[in-house]
Number of protein chains: 2
Amino acid sequence: MHLERVDPDNLPSLHDDEATVTGKVPGSRKLRERFDELHDRLAKLQRVFYADGRHALLVVFQGRDASGKDGTIRNVCGAFNPQGCRVTSFGVPSTHELAHDFLWRIHNAVPPRAMIGVFNRSHYEDVLAVRVHELVPEAIWSGRYQQINAFEAGLVANDVIIRKFFLHVSSDEQRERLQERLTNPERNWKFRAGDLDDRARWDEYTDAYREILGRCSTMDAPWFVVPADDKRVRDYLVARELVDTLESLDLRYPEAAPDIMRYASLVD
Amino acid sequence: MHLERVDPDNLPSLHDDEATVTGKVPGSRKLRERFDELHDRLAKLQRVFYADGRHALLVVFQGRDASGKDGTIRNVCGAFNPQGCRVTSFGVPSTHELAHDFLWRIHNAVPPRAMIGVFNRSHYEDVLAVRVHELVPEAIWSGRYQQINAFEAGLVANDVIIRKFFLHVSSDEQRERLQERLTNPERNWKFRAGDLDDRARWDEYTDAYREILGRCSTMDAPWFVVPADDKRVRDYLVARELVDTLESLDLRYPEAAPDIMRYASLVD
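In this report, we go over the structure that sits alongside the text. Sequence order sets the numbering: in each chain, residues are counted from 1 along the sequence as written. Chains and ligands are labelled sequentially in the order written, the chains with letters from A and the ligands with numbers from 1. In view of the model being predicted, local features appear only for residues whose pLDDT reaches at least 70, and side-chain atom pairs are presented and counted only at 80 or more, with totals across whole chains, interfaces and linings using the full set of residues. No hydrogens and no water enter the side-chain calculation; it runs on all heavy atoms of the structure.

### Topic: helix 7 (residues 144-157) of chain A
Residue and element names in this part refer to chain A.
Here comes step 1: For helix 7, built from 14 residues, the straight-helix expectation of 20 Å at 1.5 Å per residue is met to within 8% by its first-to-last C-alpha distance of 20 Å.
Here comes step 2: Any residue under 20% of the maximum accessible area for its type is buried, any over 50% is exposed, and the rest in between are partly exposed; the area is computed with a 1.4 Å probe on protein chains only. Going along the chain from the N terminus, every DSSP run of H or I of four or more residues is numbered as a helix, and every run of E of two or more is numbered as a strand. What helix 7 keeps buried is the set Arg144, Tyr145, Ile148, Phe151, Glu152 and Leu155. Mapping the buried residues of helix 7 onto a view down its axis gives an arc of 130 degrees, with all of them on the same face. For helix 7, the exposed residues set more than 90 degrees away from the buried face come down to Gln146, Ala150 and Ala157.
Here comes step 3: In this fold, the buried residues of helix 7 make contact with strand 1 (56-63), helix 4 (104-108), helix 5 (129-132), helix 6 (138-141), strand 4 (160-168) and helix 10 (202-216).
Here comes step 4: Positive backbone phi, at 75 degrees, marks Asp159, one or two positions downstream of helix 7. A helix is expected to span 1.5 Å multiplied by its residue count minus one. Taken from the helix axis, the directions to the C-beta atoms give the arc we talk about. Contacts are assigned to residue pairs with any non-hydrogen atoms lying within 4.5 Å of each other.

Put into C-alpha cells, the structure is as follows:
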C-alpha cells in the first residue's frame, strides 16, 4: 500500500470513492504496528538528513476543511526532532503580505538545507480559495500555475526536495467531521461559518484541485492524492512516502576531519 | 524533585557538585515512567495552550558544549505538536545580523501568542561567548544585562511567558562527552576545535554564567540551573518545570459562539 505520483495524463477524478483505498488494507492493529515502524524510521532518517545537510525537504499539505491536515502534521511530522522541522500555516494573508507578490511569504518560509519545512496550506490557496471565491480576476490567477512551476523548479534546482499531498476526503466524511466539530467543546471554537460556504462550493473546489494536479504535478515536485477518509491509512501513506523519499537520497553523516583524533589527547 | 528559580541573593556556585541532584533520585525505571507521564501531560497542555491563545511561551536553553541542549530539545520539546512549536538555534551571527543591534534577530524569533518558541542558545551568548572571547569591549557588553532585562520585561508585559534553563554539566562529564563525540561517526563531524578552546576557559565561562544568573533571573523571566550530568534527570526536571508553568496558566478552550448549534442543520 503506497501512494503514486499524480500523472497529469491520467488525472484522478477526485470523486468520493477515491477517498478510500482500493484493494486490501491491513487490519487496524497491523496498520498501527507498521505506522509505528515508519515513525521510528522517520525519526532516524531525519537525524542523518540533518547531519548530511545537502538537501532541504519541503512537504506541502492541502485539503478541504476537516480533511486532516492538522492531524497528519501532528502524527507524522511529530516523528521529527523539532529542531530540524519547521511548520508554517498559511492563513488569510496580512495587509503586509498582500502588498507583495503571492509567492513572497511562501519563499520566506522555504526551509534551508538540513531542515524539513512543512506547509499547512500553501501558495496553492492562491489558485484554490482565491479562484473559487473570485478574489482576483481569472486573468491573474490563471497565470499562477506557470509561476508556481517556475518557482518550484528553482527550489528543486537549489537542493530543495518537494513533496505535495492533497488529503482527499469524501463529502460524507467531511459532513461527519464538521458535525463532530460543532458538538466537541475542544473543537467547536474552531468552527467558522466559512467552512460551510466552502462545502457548498464542493464541485468548484474539485475542479480547482484537479487543475493544480494536472498542471503542477511535475516529476521533480509531484503531487500525491491521499485517500483520507480513514485517518490511520492517511497517516501510514504519508509516512511511507516520506520514508521512501528520504531513503532515496543516499544520506550519510559527514566525514570528520582526517586528523580528528589528534584532538582526543587535547580534551583534558 | 523539581527546579527552583535562581535567587540572585543566593547564587549557585556552579561548581561540579551542582551538576548532579542532591537528595533521593528515583530509580531509572521509575524516572522513565514519570518522564513519560510528564511527556503526555505536555502534549495535552500544549493543545489547550494553543487553543487558548492568550499567551506565548518562550523557553531558552543555554549551556556549555555537550551540556545536552540538543538532546533536551529533542526529548522534551518533542512532546509538542510541531505545528505549535518553533525551535530557533542561534549560531554565529551573519553579517546581516551583525549590522543590527544584538536583540534584533532574537526579537524576530520570539513566538506569537498560542505558540511555543524554543531557543537553542540565545541573546545570552552576547554576554557569554562575546564577553569571554572579548568580541566587543566591556563598555559594550556590560550594558547588555540591563537591555536584556528591559527587553524581557517588555515581552512578559505582552503575554510572553519566559523560562530560561542553564544546563549545568561538570568538567568530568563534559570531558567524557567530548571524547565520545570524537570517536562516534554519527557525531564526530560536529566536533569543532573551538569546543576545546571554550573548555580551556571553563572558569571565565563560570563567571559569565553566574553574572547572568545574578543579574537576569527575575521573577517574571527566571533562570533555572538544571543539574545535567544525568540526562534522564535533566529531561525530567525541565519537563516538570514546563508542566508546572503551563498548569499555572489556567488554560481553557475558547467558548464557541453562543449560537454555534444553529450551524448543525446547515451541514448537509
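The structure having been displayed, the exposition proceeds.
### Re the packing of aromatic side chains
Here comes step 1: Note on aromatic contacts: the rings of Phe and Tyr and the six-membered ring of Trp form a pair at centre separations within 6.5 Å, being stacked when their planes are under 30 degrees apart, edge-to-face when over 60 apart, and tilted otherwise. Applying the stated criterion across every chain, the model contains 12 aromatic pairs over all chains.
Here comes step 2: When the centroid spacing of 6.4 Å and the interplanar angle of 85 degrees are considered together, the rings of Trp141 of chain A and Tyr145 of chain A count as edge-to-face.
Here comes step 3: Judged by relative accessible area, which is 10%, Trp141 of chain A ranks as buried.
Here comes step 4: Here the aromatic rings of Phe166 of chain B and Tyr209 of chain B are separated by 4.2 Å at their centres, their planes lie at 35 degrees, and the arrangement is tilted. Of the two residues, Phe166 of chain B is situated in strand 4 (residues 160-168) and Tyr209 of chain B in helix 10 (residues 202-216); the sequence distance between them amounts to 43 residues.
Here comes step 5: Residue classification places Phe166 of chain B among the buried positions, given a relative accessible area of 0%.
Here comes step 6: Of the residues examined, Tyr209 of chain B reaches a relative accessible area of 2% and is grouped as buried.

### As for the relation of the copies chain A and chain B
Relating the two copies of this chain is a rotation about some axis coupled with a shift parallel to it.
Here comes step 1: Of the transformation placing chain A onto chain B, the axial shift is 0.0 Å and the rotation is 180 degrees, giving an RMSD of 0.0 Å. Both copies are brought into coincidence by an operation consistent with a two-fold rotation axis.
Here comes step 2: When the interface residues of chain A are mapped onto chain B, 100% of them again lie at the interface, so the same face is used by both copies. Superposition of the copies was done by least squares, using only C-alpha atoms of residues whose pLDDT is at least 70 in both.

### As for the pattern of salt bridges
Here comes step 1: Salt bridge, as used here, is a side-chain nitrogen of Lys or Arg placed within 4 Å of a carboxyl oxygen of Asp or Glu. All told, the structure shown has 42 salt bridges over all chains when counted by the stated rule.
Here comes step 2: Salt-bridge contacts for Arg121 of chain A lead to Asp65 of chain A; the nearest nitrogen and oxygen are separated by 3.2 Å. Placement of Arg121 of chain A in the loop between strand 3 (116-120) and helix 5 and of Asp65 of chain A in the loop between strand 1 and helix 2 (69-77) is noted, with a sequence separation of 56 residues between them.
Here comes step 3: Residue Asp65 of chain A is classed as buried on the basis of its relative accessible area, which comes to 11%.
Here comes step 4: Taking the shortest distance from any N to any O, the salt bridge between Arg144 of chain B and Asp126 of chain B comes out at 3.8 Å. Remark: Asp126 of chain B occurs in the loop between strand 3 (116-120) and helix 5 (129-132) and Arg144 of chain B occurs in helix 7 (residues 144-157); sequence separation between them is 18 residues. Asp126 of chain B matches Arg144 of chain B in its accessibility class, with the two residues each being buried.

### Re the interface of chain A and chain B
Here comes step 1: Chain A puts 40 residues into the contact, and the matching count from chain B is 40 residues.
Here comes step 2: Buried area, as used here, totals the accessible surface that two parts lose on assembly, with accessibility defined by a 1.4 Å probe and the loss added over both. Taken over both partners, the interface formed by chain A and chain B buries close to 3700 Å², and the fraction arising from carbon and sulfur atoms is 61%.
Here comes step 3: Throughout this description, a polar contact denotes any pair of N or O atoms lying within 3.5 Å of each other; where both atoms belong to protein, one of them has to be capable of donating a hydrogen while the other can accept it, and for residues adjacent in sequence the pair is counted only when both atoms sit in side chains. Counting the contacts that link chain A with chain B gives 12 residue pairs in polar contact (both at pLDDT 80 or more).
Here comes step 4: Of all elements in the fold, only helix 1 (28-52), helix 2, strand 2 (85-89), helix 8 (171-183) and helix 9 (193-200) of chain A reach the threshold of two or more residues within the side of chain A that touches chain B.
Here comes step 5: For the side of chain A that touches chain B, the leading source of residues is helix 8 of chain A, giving five residues.
Here comes step 6: Residue type decides the class: Asp, Glu, Lys and Arg count as charged, Ala, Val, Leu, Ile, Met, Phe, Trp, Tyr, Cys and Pro as nonpolar, and the leftover types, Gly among them, as polar. Considering only residue class, the side of chain A that touches chain B consists of 21 nonpolar, nine polar and 10 charged.

### Comments concerning the sheet that holds strand 5 (residues 223-227) of chain A
All names here are of chain A.
Here comes step 1: Strand order in the open sheet formed by five strands is 2-3-1-4-5, and the pairing between neighbours is parallel. Either end of the sheet is taken by a strand with one partner, and the two such strands are strand 2 and strand 5. Mean inter-strand twist for the sheet, computed between neighbouring axes without regard to direction, equals 20 degrees.
Here comes step 2: Of the strand pairs in this sheet, strand 4 and strand 5 are connected by five bridges, and their pairing is parallel. Looking at strand 5, one finds that Lys164 is bridged to Trp223. Each pair of strands is called paired provided DSSP finds at least two bridges between the two strands. Helix axes are fitted to C-alpha atoms over the stretch in contact, other axes to C-alpha atoms as well, and angles between N-to-C directions run from 0 to 180 degrees.

### Some points on the sheet that holds strand 1 (residues 56-63) of chain B
In any sheet, the strands associate via hydrogen bonds between backbone groups, in a parallel or an antiparallel arrangement.
Residue and element names in this part refer to chain B.
Here comes step 1: Pairing within the open sheet is parallel, and its five strands lie in the order 2-3-1-4-5. Each edge of the open sheet is held by one strand with a lone partner, namely strand 2 (85-89) and strand 5 (223-227). Strand-to-strand twist of the sheet, defined as the mean angle between neighbouring strand axes without regard to direction, takes the value 20 degrees.
Here comes step 2: Along the sheet, helix 2 (residues 69-77) makes contact with strand 1, strand 2, strand 3 and strand 4, crossing strand 1 at roughly 150 degrees.

### Here we look at the environment of Thr88 of chain A
Here comes step 1: Looking at where Thr88 of chain A falls in the secondary structure, it is placed in strand 2.
Here comes step 2: Sequence spacing of Thr88 of chain A and Lys24 of chain A is 64 residues, and the spatial spacing of their C-alpha atoms is 35 Å.
Here comes step 3: Residues contacting Thr88 of chain A, with those up to four places away along its chain left out, are Ala109, Val118, Phe119 and Asn120 of chain A together with Arg86 of chain B.

### What to know about the pairing of strand 4 of chain A
Here comes step 1: Across the nine residues of strand 4 of chain A, nine count as buried, placing the element largely inside the fold.
Here comes step 2: Alternating positions in strand 4 of chain A separate into two faces, Val160, Ile162, Lys164, Phe166 and His168 of chain A on one and Ile161, Arg163, Phe165 and Leu167 of chain A on the other, with burial throughout.

### Some remarks on the packing of helix 7 of chain A against helix 10 of chain A
Relative orientation and spacing of two packed helices are given, respectively, by the angle between their axes and the distance between those axes.
All names here are of chain A.
Here comes step 1: In the contact formed by helix 7 and helix 10, the axes pass within 10 Å of each other and the chain directions differ by 45 degrees. By the angle between their axes, helix 7 is oblique relative to helix 10. As helix 7 runs across helix 10, the sense of the crossing is right-handed. Here Tyr145, Ile148, Asn149 and Glu152 of helix 7 come into contact with helix 10, specifically with Glu211, Ile212, Arg215 and Cys216.
Here comes step 2: In the contact of helix 7 with helix 10, the residues fall into four nonpolar, one polar and three charged. Orientation labels follow simple angle bins: below 35 degrees gives roughly parallel, above 145 gives roughly antiparallel, 65 to 115 gives roughly perpendicular, and whatever is left gives oblique. Crossing handedness is read from the near helix: turned anticlockwise from the far helix by less than a right angle, it gives a left-handed crossing, and turned clockwise, a right-handed one.

### Here we look at the packing of helix 1 of chain A against helix 11 (residues 231-247) of chain A
All names here are of chain A.
Here comes step 1: With their axes 9 Å apart at the nearest point, helix 1 and helix 11 run at an angle of 35 degrees to one another. As helix 1 runs across helix 11, the sense of the crossing is left-handed. On the side of helix 1, the interface is formed by Ser28, Leu31, Arg34, Phe35, Leu38, Arg41, Leu42, Leu45 and Phe49, while helix 11 contributes Arg232, Val233, Asp235, Tyr236, Ala239, Arg240, Leu242, Val243, Leu246 and Glu247.
Here comes step 2: Looking at side-chain class alone, the contact of helix 1 with helix 11 contains 12 nonpolar, one polar and six charged residues.

### Brief notes about the side chain of Asp229 of chain A
Here comes step 1: Here Asp229 of chain A lies in the loop between strand 5 and helix 11.
Here comes step 2: Here the side chain of Asp229 of chain A touches Ser170 of chain A through a polar contact of 2.7 Å, side chain to side chain.

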